[in-house]
Amino acid sequence: MSDQLANKAEGWSGRFSEPVSELVKRYTASVDFDRRLAFADIEGSLAHAAMLSEVGILSAADLQSIRAGMAQIRGEIERGEFNWSVDLEDVHLNIERRLTDLVGDAGKRLHTARSRNDQVATDIRLWLRGTIDDILQGLTALQRALVDLAEGHADTIMPGFTHLQVAQPVTFGHHLLAYVEMFARDAERMADCRRRVNRLPLGAAALAGTSYPIDREQVARALGFEGVCENSLDAVSDRDFAIEFCSAASLTMMHISRFSEELVIWMSPRVGFIDLADRFCTGSSIMPQKKNPDVPELARGKTGRVYGSLMSLLTLMKGQPLAYNKDNQEDKEPIFDTADTVLNTLRIFADMVGGIRVRAERMREAAAAGFSTATDLADYLVRKGLPFRDAHEAVARAVRAAADQGCDLAELGVETLRTFSALVGDDVLQVLTLEGSVSARRHRGGTAPEAVRQAVARARARLGVSS
Ligand code: ARG
């Protein structure tokens, strides 16, 4: 291609006397990744064209041509027949050039009263809005799977941990519902972020607005935006909505990662609380006995790349003077990568949770082994009139005695227990059972089977499923 043609191909001016070098062309082009915005780009262009026609800037015939051309382009992209060209820099210029090839001057008129700066900001917002909706669905599906599993294990007793040491017995259902709460907050954050994503930049043009008599509200309505960006300089330059998205996504992945860590621990043969379905695990090429929890491990690892995207975008933005700068072209890959990672993770996890096999007897054994009802014994003595600190001390001595004898508190027997406090009566053995311990905590937010079943019903109502 001649120098002059090369410049023309890029869709901007004859102001330049030499073309960019091949390396610079590739360095500055974004079409390899921003073509993912193609359908959003077309949708935005159609709304813009309809408005231009409405206010008399574009003829009805031109609008007609643009619509027909865009329909054809959409089909070509869907069928994988569209010829993307790096000479045309980005998704916007590729589509505009194809439109002009197809419909002539009408295609060249489309860019009236807009700039790629407000165009790209609009495209990302449209794309991100759709992605957030997918993520919200993924979060709902995962919560539903957790709620279903929790309901089936409202009575299953496991050790609750602090410092990864056996602390007090809890029900497995209760433990799972903790994650339902986390993912519910993640969904709230995503939905809240969506409100700020859902505003229209178009009309800001390059940075200062446009001298044409445009109707921004009409475009906003046509595209389903909740309103327009108030300030043209802000509209084309800030990517805080994308940072917010990555921030909400980071918190989601942090929760996924904590859950993953637990799955890995629970699946370790030393613990053996659960088994994951084979389709989420792999074997070892050398050790035939192995079944590794690859999916949770990988999710734990992928959390890092989402945090990385958040850091990229924060850093991308911090040094930019108003208004648009080319730096912003770098916003897309972190956004796409974050969206892909979170979405795939949520979908896989919803499926994986449904296939968790619980080994209730192993959980129960572990809960019974760690003096997990010691607090219940202290509470028992308090109910009999002993101050809590004295009760704590008496039980600590009992625990030491039981540990020395290699038995649990109940196995010490009532007579021996009474040597630590005269307040111990025959009814003590009842509070030392695992069932007695969990069922005593029956308030809202507690671990009792009855409380878990009520929490399941509330979560279902929130998630729009009937019990
Ligand atoms: N590809 C560009 C981006 O992603 C589109 C906007 C380009 N604007 C400009 N003035 N160079 O940000």
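Shown above is the structure to which this text applies.
Please read these numbers as outputs of a predicted model, since none were measured by experiment.

Caption draft 1: Molecular detail of the overall build of the protein. Within the protein one finds 21 helices and six strands. The C-alpha atoms of the protein give 31 Å as radius of gyration, which overshoots the globular expectation for 467 residues (23 Å, by more than 25%). A principal-axis box enclosing the C-alpha atoms of the protein has dimensions of 100 × 50 × 40 Å. Long-range contacts, defined here as pairs at least 24 residues apart, represent 73% of the contacts in the protein between residues at least 6 apart. One way to put it: in the protein the 56 positive side-chain charges average out to a point 2 Å from where the 65 negative ones average out.

Caption draft 2: The environment of proline 213, seen in detail. Summarising the element assignment, proline 213 is placed in the loop between β3 (199-200) and α10 (216-222). The spacing of proline 213 and arginine 189 is 24 residues in sequence and 37 Å in space, taken between C-alpha atoms. Not counting residues within four places of it along the chain, the set of residues in contact with proline 213 comprises Val55 and Ile57.

Caption draft 3: Quick peek at the pattern of salt bridges. Enumeration according to the criterion identifies 35 salt bridges in this entry. Note that aspartate 90 is salt-bridged to arginine 116, the shortest N-O span being 2.7 Å. One end of the pair, aspartate 90, is in the loop between α5 (60-78) and α6 (91-103); the other, arginine 116, is in helix α8 (residues 116-152), with 26 residues separating them in the sequence. Here aspartate 90 falls in the buried class, since its relative accessible area comes to 4%. Overall, the relative accessible area of 23% leaves arginine 116 in the partly exposed class.

Caption draft 4: A look at the environment of leucine 223. Inspection of the secondary structure puts leucine 223 in the loop between α10 and β4 (227-228). Overall, leucine 223 belongs to the buried group, its relative accessible area being 3%. Setting aside residues up to four positions removed in sequence, leucine 223 forms contacts with Glu43, Gly44, Ala47, Thr122, Leu126, Arg129 and Leu200.

Caption draft 5: Structural detail: the site of the ligand. Around the ligand sit Ser30, Asp34, Asp90, His92, Arg116, Asn117, Val120, Tyr324, Gln329 and Lys332, and that is every residue in its neighbourhood. Here a nitrogen atom of the ligand and a side-chain polar atom of glutamine 329 are 2.8 Å apart. About the coverage of the ligand: the protein hides 85% of its 340 Å² of free accessible area. Looking at side-chain class alone, the shell around the ligand contains two nonpolar, four polar and four charged residues.

Caption draft 6: Broad picture of the side chain of serine 45. Turning to its location among the elements, serine 45 is positioned in helix α4 (residues 38-54). Exposure remark for serine 45: the relative accessible area of 1% places this residue in the buried category. In this structure the side chain of serine 45 is engaged in a polar contact, spanning 2.9 Å, whose partner is the side chain of arginine 114. In contact with serine 45, other than residues within four places in its own chain, are Met70, Leu110, Arg114 and Gln119.

Caption draft 7: The arrangement of the environment of glutamate 361 in detail. Summarising the element assignment, glutamate 361 is placed in helix α15 (residues 360-369). Overall, the relative accessible area of 48% leaves glutamate 361 in the partly exposed class. In sequence terms glutamate 361 and methionine 158 are 203 residues apart; their C-alpha atoms lie 9.0 Å from each other.

Caption draft 8: Region of the structure containing the pairing of strand β2 (residues 165-171). Two elements, strand β1 (residues 157-162) and β2, share six bridges in a ladder whose sense is antiparallel. Bridge pairing links glycine 160 to glutamine 168 in β2. From the end of β1 to the start of β2, which pair antiparallel, there are two residues, and histidine 163 there has a positive phi angle of about 55°.

Conventions used here
Residues numbered from 1 in each chain as written. Predicted model: local features only at pLDDT ≥ 70, side-chain atom pairs only at ≥ 80, totals over all residues. Heavy atoms only, no water. Helix = DSSP H or I, 4+ residues; strand = E, 2+ residues; numbered from the N terminus. Rg over C-alpha atoms; globule rule 2.2 N^0.38 Å. Contact = heavy atoms within 4.5 Å. Lys, Arg positive; Asp, Glu negative; His and termini not counted. Charge placed at Lys NZ, Arg CZ, Asp CG, Glu CD. Salt bridge = Lys/Arg side-chain N within 4 Å of Asp/Glu carboxyl O. Buried < 20%, exposed > 50% of the residue type's maximum accessible area, 1.4 Å probe, protein only. Near = heavy atom within 4 Å. Polar contact = N/O pair within 3.5 Å; in protein donor to acceptor, adjacent residues only side chain to side chain. Areas by Shrake-Rupley, 256 points an atom, 1.4 Å probe, with all protein chains shown as cover. Nonpolar A, V, L, I, M, F, W, Y, C, P; charged D, E, K, R; others polar. Pairing = 2+ DSSP bridges.

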